[in-house]
Every structure is written in C-alpha cells, then in structure tokens.
Amino acid sequence: MNWRIVARMLGLLGLLVGGSMLFSLPWAFPLFGQVEHVEVAGLRGIVGAMGCSLFISGLLYLWGRTDQKTILRKEAFAVVGLGWILAGILGALPFVLSGSQRAVGIPMSPADAIFESISGFTTTGASVLSQLEDPNMLPRCVLFWRCFTHWLGGMGIIVLFVAILGQLGAGGKAMLKREVPGPITESVRPRVRETALTMWAIYVVLTFIQTTLLCLEGVPVYHSLCHSFGTMATGGFSTFNKSARYFNGGAVEATIVIFMILAGVNFSLYYLMVRKHGSANDWKNRIQVLFRDVEFRAYLLFITVVTLLITASLIFNKTYAPLSALRHALFATVSVITTTGFGTEDFAQWNEFSKGLLLFLMFVGGCAGSTAGGIKVIRWLILTHVLQFELEHAFRPNVVRPVKLGQTVVHESVSRDILVYFCMIMLIFTFSLLTLITIEPDAQWLSTPGSAKEHKLLDCASAVASTLNNVGPGLGLVGPASNYSNFSPQGKLLLTMLMLLGRLELFAILVLFTPRFWRSQ
C-alpha cells in the first residue's frame, strides 16, 4: 500500500468537501443582508468546519504530494473507502461546531453528528433531528449543508473527484466503478474523466430542472433547492418536519414523484442518450434507449404492480378513498423503491400487507448505476434467471444454456458475484440485527411512548434494513413520522457503518477490515 498516494488523494478529497461548505454560507444572510442573530452560531459552525477541513486535508496533501505516481487498484479501493469515512467526519463538523440540537435542550453528540453526516452523504436520509423548522435548534445554513451532503453523495463525491482531476489511470476507472456500482454497467468508458463529467452534467441539469419547476409551483428557492437535492440524490432529507406532506399534494408532490423515478434510473442510459449518434432532434431513438433496457422496464413494472397492490389493499381496508389511496400508494412505492424516503403519510400505520410489500421494496432498490440504494433491480432479474436454470438443471443435468438478460449473455462470473452479494447481504443483515438487539437496552422500548418490548425485533430489523439499503425511514420506531434518536450511541455507530456498506455495495468498506489488503505485496 502506497500511503503517500492515498494521503494525497484523501487530502484533495477533503479539500473538495471543505470547499463545498462555502455554498451554505449565503443562507446565513437572508437576501444577502445582515446576518440574523440565530444564524450567528450556524455561521460560526460552517466557517469553523471549513477551517478544520482545509487544515486537516492540507496536512494530508502536503505529506503525500511528493509521490506523484499513478494511483493503482488497491490504492483506489483505499481512497474510496477511507474517503467516504473522511467525508462523513468532516461533514459532521458543522453540526458540532454550531451547537445544533437534536431535541429541545439536547445538543447533538459526535455520534449524532457523524450519523447525520454519513446519512446525508450516503443518501440514506435517516435522521436524529426532530425540530427542523426551528432555527434555534438547527441554523438555516447548517440545514442547507445537511441537504447539500445528499447532493454531493448522490452522484458520488468520488465521481466528482475523478471528473475534476482526471488522468488517474486504471485507479480512476476502479474508483468510478465503486461509485457507479452494478453487475452490468456501460458507464465506465476508456475516457473515465469524460464519463464522470457527462454524468455530473446530467445530474446538475436534472437538479436545475426540478428546482425551477418547484419554484414555478410556488416553493421558495431555499426549499426548492433542498428538496431537489433530496430527490435527485434519492436521499429524502427535507426542511420540514412533515417531509413532503407539508406540500399537501398537488403539482409539487407530482413533481417530486417524477424526479424520484428519474433518479432511480441507471444514469448510464442517460449517458447513452446524450452520446447517441444521429440527429439532435431524433428524440424517438434516444427515448428507445431507455425502453430497450430490460432493467428499466422491470423497474417500471415493479412500481406499477406494487402501487396497484397497495392501492387495492388500502381501499379494501377502508384506509383512504380510491383516489387518495392511489396517490399515497404511488408516492410511498416510488419513495421506497428508489430509497428516497420522502413521505406523505406514515405508512408504518398501514395494514400488514402494505407494510410487507414496502419492506420487500427496501431490498429491491432502484436500477444499477442510479443514485438509489438497495440490492438493485438488475441483480434480482439475474438471480431469477439463475434460479430458473438451476431448477431445470435438477431434472436435465446435461443441459447447457447461458443465462441471458434480454439479448445480453450474462457471464458466469457475474452470476457468481451476484449470488455472493445476496449471501453477504443476508449475512450482514442477520449479524447486524442480532448485534443491534443485543446492544440496545430493553428499557428503551419500555420508556418510549407508543412502543413496547415485543416490538423491539421489528424495530431493529426495520432499522437495519433501512440503513443497509439506504432507505432512511422504516417501520415502527423508525417510521416516517419518527427518527433514529432513540437508539444508543453504539447503535447509531453500527447503523452508520451499515449506511456506508450499503452505499458502496459492501466491498470498498469490507476490504478495509482485511489485514492482507494493507500489506505491501
């Protein structure tokens, strides 16, 4: 392991994170006028965090700048894994230095701040905060930084890093693959920097379009930006305690649904649409790029079928009138499958069938190469084909047939990797659930209103599933109307690690705990 190269890259990455805090400063000055008294602490926190970030990152860069060798695969893994941890720690500084509170009279602890920061960067959207609209609890500029971490982490701070630097060789390609994960991806091209720049450009344009639409629909610029960050990053941080329910339906809710769906699509398809040869006005062929993709069609099918099933269930149980049932079912389905986490209703109060479908969707996730979390639709498709082949192989042992996804033959190594990934997800989920149940005191459930000791298993299982799949809100104690503040500091740190594992699809974090990875040879 070449530590100087890793330090140099981490230093540059830290400078990027620290410098990005600059965008939060104007929101401490309403209309660029005199700073409000309640924003003084927020301004102090942002400036202090920038100073600390630049100092720490500067030291790392100065130590490693003498080694200008090209980054290799092993160093690329280290930069991705350690880079996300470093970004989470630096991103937590504004919360701590501003004296932000997670509840009345209860300041955010370091565990709370790191949880909130990494939840933002990993686009999980899980939170420990309960009074978002009170500037005395959370300054306006710090609240903006909280939402901006979503946007940085959505397309990926490493992708932005590669786009800015470029010329990173094979290591840059490996870094980009870790950030745009998936078993089959066309996003990583020989021109790595061009790919990263194009994908970030698409991401910026979609964010700009959504922000403009929300402004035209009457949402103030500040809230439009914050909700666009949460939507395009599929994160779900809101500036309101009621989340998307604050807008009370209408065009704003419809806009958020549409852009959540767009954010859950493989950005490689947008890349291919932009790069497609032919007439600039040949939109028909460009749109066909989407619908020729098997994963995209399956993604839309998942949304349609689950929405209809939940709608029927809500109508049958007389929870809502038909149109309201369809509206809330569509929003919840899209929010969960894209792992965004915005909410219009507390689906934790719905019937068991609806909650079961939503719990399943937490593991499905969006498309590979999107900003969504979860296992990804394409992995479920390939797993289904592999299981079908194995069933046939049981009574036709001599049959030889390649696994195909549409017209694409899936290589045997890809099928093996997917089976390994499913096994690891289940093992990590089981181990984390047992650990969380063990370290969380039973008294926590006895002292929480509306909860009980017998609900501990469901609450912990939901919390593990939500954080591992970067969903955010879950069921029970961590439902859309609640948060994660009731968990102990050690429980929050465990859930924080699960967010990182889910965002980087396990390996970039797990290798950090492998002694052989750090050896020179």
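Here's a quick rundown of the structure. For every chain, the first residue of the written sequence is number 1, and numbering continues from 1 along that sequence. With pLDDT at 70 or above as the cut-off, local features in this predicted model cover only qualifying residues; side-chain atom pairs require 80 or more to be listed or tallied, and sums for whole chains, interfaces and linings still use all residues. Only hydrogens and water are set aside; all other atoms, that is, all heavy atoms of the structure, feed into the side-chain values.

Some points on the packing of aromatic side chains
Planes of paired rings set the category: under 30 degrees apart is stacked, over 60 is edge-to-face and the rest tilted, where pairs are Phe, Tyr or Trp rings (Trp by its six-membered ring) whose centres lie within 6.5 Å. Summed over all chains, the structure comprises 28 aromatic pairs. Plain terms: the ring middles of Phe 144 and Tyr 222 are 6.0 Å apart, the flat faces sit at 35° to each other, and that makes the pair tilted. Taken together, the residues Phe 144 in helix H5 (residues 140–155) and Tyr 222 in helix H9 (residues 221–232) connect sequence positions 78 residues apart. Neither Phe 144 nor Tyr 222 differs from the other in exposure class; each is buried. Seen from their ring centres, Trp 145 and Phe 148 are 6.4 Å apart, and the 45° between their planes marks the pair as tilted. Placement of the pair is Trp 145 and Phe 148 together in helix H5, with a separation of three residues, close to one helical turn. The burial state of Trp 145 is the same as that of Phe 148; both residues are buried. In our convention, an over-ring charge means Lys NZ or Arg CZ found within 6 Å of a ring centre and within 35 degrees of that ring's normal. Over the face of the ring belonging to Tyr 421 we find Arg 379, whose NZ or CZ atom lies 4.0 Å from the ring centre. Secondary structure elements are defined from DSSP: runs of H or I of at least 4 residues count as helices, runs of E of at least 2 residues count as strands, and each element is numbered from the N terminus. Any residue under 20% of the maximum accessible area for its type is buried, any over 50% is exposed, and the rest in between are partly exposed; the area is computed with a 1.4 Å probe on protein chains only.

Side note on the layout of surface pockets
Points on a 1 Å grid over protein atoms alone make up a cavity when a 1.4 Å probe fits among them but cannot get out, and a pocket when they form an open set with protein on both sides within 12 Å along at least five of seven lines; lining residues each have an atom within 4 Å of a point. Grid points are joined across faces, edges and corners, and a volume is the space filled by probe spheres set on the points. Empty space within the largest pocket amounts to approximately 860 Å³. Around the largest pocket, the lining comprises 41 residues; the ones closest to its centre are Gly 479, Pro 480, Ala 481, Ser 482 and Asn 483. Any residue outside Ala, Val, Leu, Ile, Met, Phe, Trp, Tyr, Cys, Pro, Asp, Glu, Lys and Arg is labelled polar, Gly included; the first ten of those are nonpolar and the last four are charged. In terms of residue class, the lining of the largest pocket is built from 14 nonpolar, 21 polar and six charged.

Overview of the nonpolar core
Soluble globular proteins tend to bury their nonpolar side chains together. Buried residues of nine kinds, namely Ala, Val, Leu, Ile, Met, Phe, Trp, Tyr and Cys, make up a nonpolar core once their side-chain atoms join them within 4.5 Å. Grouped together as the largest cluster of nonpolar side chains are 144 residues, with contacts concentrated most on Trp 145, Phe 267, Tyr 484 and Leu 495. In terms of residue count, the dominant contributor to this core is helix H3 (residues 73–97) (11 residues). By definition in these notes, contact holds between two residues if any of their heavy atoms fall within 4.5 Å. Setting aside chain neighbours within four positions, we find Leu 495 in contact with Phe 115, Leu 436, Ala 463, Val 464, Thr 467, Tyr 484 and Phe 487.

Observations regarding helix H15 (residues 352–364)
How far a helix is expected to stretch is found by multiplying one less than its residue total by 1.5 Å. For H15, with 13 residues, the first-to-last C-alpha span of 19 Å sits near the 18 Å given by 1.5 Å per residue. Among all positions of H15, only Ser 354, Lys 355, Leu 357, Leu 358, Leu 361, Met 362, Phe 363 and Val 364 are buried. Taken together, the buried residues of H15 touch helix H13 (294–316), helix H14 (322–337), helix H16 (377–395), helix H17 (412–439) and helix H19 (456–468). Definition of a polar contact: a pair of N or O atoms within 3.5 Å, with one able to donate and the other able to accept a hydrogen when the atoms are protein atoms, and with sequence-neighbouring residues admitted only if both atoms are side-chain atoms. Measuring from the side-chain oxygen of the N-cap residue of H15 to the backbone nitrogen of Phe 353 gives 3.3 Å; that N-cap residue is Asn 351. With its phi angle positive at about 75°, Gly 365 sits one or two positions after the end of H15.

Looking at H3
For H3, spanning 25 residues, the distance from its first C-alpha to its last is 36 Å, which sits close to the expected 36 Å at 1.5 Å a residue. Of the residues flanking the end of H3, it is Gly 99, one or two places downstream, whose phi is positive at about 70°.

Some remarks on a nonpolar patch on the surface
The patch calculation keeps residues exceeding 30% relative accessible area without a salt bridge and links them within 9 Å when they carry like charges or within 5 Å when they are nonpolar (Val, Leu, Ile, Met, Phe, Trp, Tyr). The Shrake-Rupley method, run with a 1.4 Å probe sphere, supplies the accessible areas, and residue values consider only the shown protein chains as cover. For salt bridges, the criterion is a side-chain nitrogen of Lys or Arg within 4 Å of an Asp or Glu carboxyl oxygen. A surface patch of nonpolar side chains, about 500 Å² in accessible area, is lined by Val 205, Phe 208, Ile 209, Leu 213 and Leu 216. Looking at the secondary structure, you find Val 205 in helix H8 (residues 192–216).

Some thoughts on the side chain of Ser 98
Mapped onto the fold, Ser 98 is located in the loop between H3 and strand E1 (101–103). What makes Ser 98 buried here is its relative accessible area of 6%. Among the polar contacts listed, one links the side chain of Ser 98 to the backbone oxygen of Pro 94, at a separation of 2.6 Å. A distance of 3.3 Å separates a polar atom in the side chain of Ser 98 from the backbone oxygen of Phe 95. Look past the residues within four positions of Ser 98 in its chain and what remains in contact with it is Ala 41, Gly 42, Gly 45 and Val 142.

Side note on the packing of H3 against helix H4 (residues 110–121)
Throughout, an axis means a line fitted to C-alpha atoms (over the contacting stretch in the case of helices), and angles, computed between N-to-C directions, take values from 0 to 180 degrees. In contact at an axis separation of 7 Å, H3 and H4 are set at 125° when each is read in the N-to-C sense. Relative to H4, H3 is oriented oblique. For the crossing formed where H3 meets H4, the hand is right-handed. Of the residues in H4, those touching H3 at Trp 84, Ala 87, Gly 88, Gly 91, Ala 92, Phe 95 and Val 96 are Ala 113, Ile 114, Glu 116, Ser 117, Ile 118 and Phe 121. The class makeup of the residues in the contact of H3 with H4 is nine nonpolar, three polar and one charged. Each angle receives one of four descriptions, namely roughly parallel if under 35 degrees, roughly antiparallel if over 145, roughly perpendicular if within 65 to 115, and oblique otherwise. Helix crossings fall into two classes, left-handed where the near helix is turned counterclockwise from the far one by less than a right angle and right-handed where it is turned clockwise.

Some details on the environment of Leu 129
Within the secondary structure, Leu 129 sits in the loop between H4 and H5. Each C-alpha atom, one on Leu 129 and one on Ser 485, is 7.1 Å from the other, the two residues being 356 residues apart in sequence. If near-sequence neighbours (up to four positions away) are discounted, Leu 129 is found in contact with Gln 101, Arg 102, Met 108, Glu 116, Leu 138, Arg 146 and Asn 483.

Focus: the pattern of salt bridges
Counted by the stated rule, this structure contains 10 salt bridges. A salt bridge links Glu 116 to Arg 146; the nearest nitrogen and oxygen atoms lie 2.8 Å apart. With Glu 116 in helix H4 and Arg 146 in helix H5, the pair connects residues that are 30 residues apart, well separated along the chain. Assessed through its relative accessible area of 1%, Glu 116 is described here as buried. The class of Arg 146 is buried, set by a relative accessible area of 2%. A salt bridge links Arg 416 to Asp 417, with the nearest nitrogen and oxygen atoms 4.0 Å apart. Overall, Arg 416 belongs to the partly exposed group, its relative accessible area being 49%. A relative accessible area of 44% places Asp 417 in the partly exposed class. Connected through shared salt-bridge partners, Arg 102, Asp 112 and Lys 492 make up one network.

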